[in-house]
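Spelled out, the chains give:
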Amino acid sequence: MNLYNIKENDEQVSFQQAVKQGLGRNQGLFFPDTITPLANVDELLNQDLVTRSAAILHHLIGDELSAADVKDMVSKAFNFTAPIKAVQDDIYALELFHGPTLAFKDFGGRFMAQCLAKFGGDQPITILTATSGDTGAAVAHAFYGLENIKVVILYPKGKISPLQEKLFCTLGGNITTVSIEDDFDACQALVKASFDDEELKQAIGLNSANSINISRLLAQICYYFEAFSQLPADKRNDVVVSVPSGNFGNLTAGLLAQALGLPIKRFIAATNENDTVPRYLADGSWAPKKTVATLSNAMDVSQPNNWPRIEELFKVKGKSLSELGSGMLTDAETEVALKQLDDKGYLCEPHGAIAFDQLEKQLQPGETGLFLCTAHPAKFKESVEEILGKDIGLPKELADRADLDLLSKELPADFAQLRELLLNN
Ligand SMILES: Cc1ncc(COP(=O)(O)O)c(C=O)c1O
């Protein structure tokens, strides 16, 4: 697979390079130079998640990895399900939260971890990341137990929820968690200082688990196919997919699935009040506003970092952005949507509820709707319980960890001490 830098087209890299590098020159995103449609979509839809996903990923990656290697990596990464649930006659929820950290990020994060482990060779590497909660959990679980990879996660002491902390600070093994006696910005500054230290970088093989990594996007393509494989055959023709969007990685992956031949009729990009994209699609002017805090906080993004990939895809396919549906919800509307879903007997959380609402409003007679449920409702327990006025309990993944001891180390926000820890880890 060859990829080019969207900003500096002369930078061309292999899949392996793109995975290891993350970003190109001038912070440019990597984009595949060809997207050849799959010849056998119907046949693929009859296969199980792992077999089908391995075939799709091998088709994309090409001979940089053998089919057997990709199958092995996918079977380790996608060791959980992504079921669809009928919410009403013509609308289905695609549940992407059955992985170890209860969010769609498990797909991309776990496949990226497999890629880095494969491409790292015998050289030990250290993944260093700062988290304000969710990313740390996804990274920790994705890399847990992988050979030759150490993971160090910094988080602000006392500033993440106790359950979030339990989810990733109780693993041990190759996962070191460090609570920093300061805020999230201080944690990020420590990560940056580490990457600026060439000697340290070389000594421990420093690497990041960046969220714009191409391996994540490729992995996310697979669950759109999985959703179709579960739809009744007579409902696969006019499918509209609504995607709760923040950085627009999920939507990029869906559009790539469509470009590979999955017969998705159209997409809806659903956002909260951070609605740069819906406004851009309506009036053609890119005018990000200051980001505001909302109930769907993982989508509180006003400058979505994957958007250039979407523009690029429409450009190379000769398609117009006017084909893309969109819409936004205020927090008050999100609450109404969450209650509506609950009345239908479907427990959701704010991100998924936004996608549902826009889908229900824009779906035409005869079409089948699919909306992405990106996180388990328990990940947003406080707000969901308050809005619905009921206790929603804890899923097993969280309940099991709640009683385990925290294994974190504590450090002040002091680079010299962190450096020492990294060198001796
Ligand atoms: C729960 C949840 N839903 C939706 C999104 C938005 O996904 P994307 O950034 O790919 O648009 C995120 C992003 O982190 C998320 O965590």
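Cut-offs and rules
Residues numbered from 1 in each chain as written. Predicted model: local features only at pLDDT ≥ 70, side-chain atom pairs only at ≥ 80, totals over all residues. Heavy atoms only, no water. Near = heavy atom within 4 Å. Areas by Shrake-Rupley, 256 points an atom, 1.4 Å probe, with all protein chains shown as cover. Axes fitted to C-alpha atoms, helices over the stretch in contact; angles between N-to-C directions. Helix = DSSP H or I, 4+ residues; strand = E, 2+ residues; numbered from the N terminus. Parallel < 35°, antiparallel > 145°, perpendicular 65-115°, else oblique. Left-handed = near helix turned anticlockwise from the far one by under 90°. Contact = heavy atoms within 4.5 Å. Nonpolar A, V, L, I, M, F, W, Y, C, P; charged D, E, K, R; others polar. Domains from an automatic or database assignment. Expected span 1.5 Å × (residues − 1). Buried < 20%, exposed > 50% of the residue type's maximum accessible area, 1.4 Å probe, protein only. Arc of directions from axis to C-beta. Pairing = 2+ DSSP bridges. Polar contact = N/O pair within 3.5 Å; in protein donor to acceptor, adjacent residues only side chain to side chain. Core = buried A, V, L, I, M, F, W, Y, C linked by side-chain atoms within 4.5 Å. 1 Å grid on protein atoms, 1.4 Å probe; cavity = no way out; pocket = protein on both sides within 12 Å on 5 of 7 lines; lining within 4 Å. Points joined across faces, edges and corners; volume = space filled by probe spheres on them.

Chemist: Honestly, the site of the ligand in this entry has me stumped. Any pointers?
Modeler: Around the ligand lies a shell of 14 residues, among which G246, N247, F248, N250 and T374 are the nearest. In the complex, the protein chains occlude 92% of the 390 Å² of accessible area that the ligand would expose alone.

Chemist: Help me out: how do you make sense of the packing of helix α11 (residues 249-259) against helix α13 (residues 307-316) in this one?
Modeler: Geometry of a packed helix pair, given as the angle between the helix axes and the separation of the axes. At their nearest, the axes of α11 and α13 sit 9 Å apart, and the two run at 20 degrees to each other. Classified by the angle their axes make, α11 and α13 are roughly parallel. Viewed along their axes, α11 and α13 form a crossing whose handedness is left-handed. In contact with L251, T252, L255 and L256 of α11, α13 contributes R309, I310, L313 and F314. Its residues assigned to classes, the contact of α11 with α13 comprises six nonpolar, one polar and one charged.

Chemist: What exactly am I supposed to notice about the domain arrangement of the chain here?
Modeler: Quite often, the size of an interface is put as the accessible area lost when its parts meet. If you check the domain split of the chain, you get domain 1 (80-102 + 214-388) and domain 2 (124-204 + 403-424). On a C-alpha basis, the centroid separation for the pair domain 1 and domain 2 is 31 Å.

Chemist: What's the story with helix α14 (residues 331-343) in this structure? I'm lost.
Modeler: The periodicity of an α-helix, 3.6 residues per turn, causes residues three or four positions apart to be oriented the same way. Helix length check: α14, at 13 residues, gives a terminal C-alpha distance of 18 Å against a target of 18 Å (1.5 Å per residue), a fit within 8%. When we look at burial in α14, the residues that qualify are T334, A337, L338, L341 and D342. In a view along the axis of α14, the buried residues occupy a sector of 140 degrees, so they form one face of it. Away from the buried face of α14 by more than 90 degrees, exposed residues A332 and D343 are located. In this structure, the buried side of α14 is in contact with β4 (84-88), α15 (350-362), β13 (368-373) and α16 (381-388). Positive backbone phi, approximately 90 degrees, marks G345, located one or two places after α14.

Chemist: What am I meant to see in the sheet that holds strand β1 (residues 2-5) here?
Modeler: Backbone-to-backbone hydrogen bonds pair the strands of a sheet. The strands run either parallel or antiparallel. Strand order in the open sheet made by the three strands is β2-β1-β3, with antiparallel pairing throughout. Edge positions in the sheet fall to β2 (12-14) and β3 (30-32), since each of these pairs with one other strand and no more. Each adjacent strand pair in this sheet contributes to an overall mean axis angle of 40 degrees, direction not counted. Sheet topology note: the β1/β3 ladder contains three bridges and is antiparallel. Across the sheet, the residue bridging to L3 is P32, located in β3. In the packing of α13 onto the sheet, contacts are made with β1 and β3, and the angle to β3 comes to roughly 30 degrees.

Chemist: Just checking my understanding: could you explain the side chain of H351 for this structure?
Modeler: On the secondary structure map, H351 appears in helix α15. Only 3.1 Å separates the side chain of H351 from the backbone nitrogen of A298, close enough to count as a polar contact. Reaching out from H351, the side chain makes a polar contact with the side chain of E349 at a distance of 2.6 Å. Residues contacting H351, with those up to four places away along its chain left out, are P244, L295, S296, N297, A298, M299, T374 and F380.

Chemist: Could you clarify how one ought to interpret the environment of N210 in this entry?
Modeler: The topology assignment puts N210 in the loop between β9 (206-207) and α10 (214-230). Sequence-wise, N210 and G109 are 101 residues apart; in three dimensions their C-alpha atoms are separated by 9.3 Å. For N210, the residues in contact, after removing those within four places along its chain, are M112 and R216.

Chemist: Hey, could you run me through the nonpolar core in this one?
Modeler: Across soluble globular proteins, nonpolar side chains show a tendency to be buried alongside one another. Judged by nonpolar contacts, the single largest core of 103 residues is most densely connected at F15, F111, F143, I221, Y224 and F225. Here this core takes eleven residues from α10, the largest share from any one element. If you count residues domain by domain, this core takes at least three from each of domain 1 (80-102 + 214-388) and domain 2 (124-204 + 403-424). Setting aside chain neighbours within four positions, we find F225 in contact with L38, V41, L45, R52, I56, A257, L260 and L262. One finds L338, C373, F380 and I392 within the second-largest nonpolar core, a separate group that totals 29 residues.

Chemist: Sorry if this is basic, but what is going on with empty space enclosed by the protein here?
Modeler: Per the counting criterion, the structure on display carries two cavities of 30 Å³ or more. In this structure, the largest cavity spans a volume of roughly 40 Å³. Within the lining of the largest cavity, the residues separate by chemical class into five nonpolar, five polar and no charged. Each pocket or cavity is described by its volume, and for the second largest cavity that value is around 30 Å³. When its residues are assigned to classes, the lining of the second largest cavity shows seven nonpolar, no polar and no charged.

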